[in-house]
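Architecture at a glance
If you want the building blocks of each chain, they are given just below.
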Amino acid sequence: MQTLTFNQAQREVLDVISCLQTDQEIAELKATLVKFMNDRLQVELDKLWDEGVLSDEKLASYRNEHFRTSY
């Protein structure tokens, strides 16, 4: 038998979710979480750019790449 263990952040999110009552509230929470993750990703991308890991040339080289796994 498998046991799920939630970290503190997951427990906090579950507490918030348990209070939602309408589809509108769910949509608002989803939008907030998406914005939060987008902001975090942007910070990481900016860091890569500042460190020279990403550049216009590097991004241009990705334009014609196919990174999906073929099945």
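The preceding data block contains the structure.
Now for a look at the structure at hand. (Residues numbered from 1 in each chain as written. Predicted model: local features only at pLDDT ≥ 70, side-chain atom pairs only at ≥ 80, totals over all residues. Heavy atoms only, no water.)

**A short note on the overall build of the protein chain**
Counting its regular elements, the protein chain contains three helices and zero strands. N-terminal to C-terminal, the α/β element order of the protein chain is α-α-α. Over its C-alpha atoms, taken along the principal directions, the protein chain stretches across nearly 45 × 35 × 25 Å. Every one of the 71 residues in the protein chain was classed for burial, and the buried ones make up 3%. Accessible surface computed for the protein chain: about 7,100 Å², of which carbon and sulfur atoms make up 56%. For the protein chain, the centre of its 8 positive side-chain charges and the centre of its 13 negative side-chain charges are spaced 5 Å apart. (Helix = DSSP H or I, 4+ residues; strand = E, 2+ residues; numbered from the N terminus. Buried < 20%, exposed > 50% of the residue type's maximum accessible area, 1.4 Å probe, protein only. Areas by Shrake-Rupley, 256 points an atom, 1.4 Å probe, with all protein chains shown as cover. Lys, Arg positive; Asp, Glu negative; His and termini not counted. Charge placed at Lys NZ, Arg CZ, Asp CG, Glu CD.)

**Some remarks on helix 2 (residues 23-50)**
With 28 residues, helix 2 should reach 40 Å at 1.5 Å per residue; the first-to-last C-alpha distance of 40 Å fits that figure. One or two steps after helix 2, the chain reaches Gly52, where phi turns positive at roughly 85 degrees. (Expected span 1.5 Å × (residues − 1).)

**Observations regarding the pattern of salt bridges**
Tallying each qualifying case throughout the model produces two salt bridges. A salt bridge links Glu44 to Lys47; the nearest nitrogen and oxygen atoms lie 3.5 Å apart. Taken together, the residues span about one helical turn, with Glu44 and Lys47 both in helix 2 at a distance of three residues. (Salt bridge = Lys/Arg side-chain N within 4 Å of Asp/Glu carboxyl O.)

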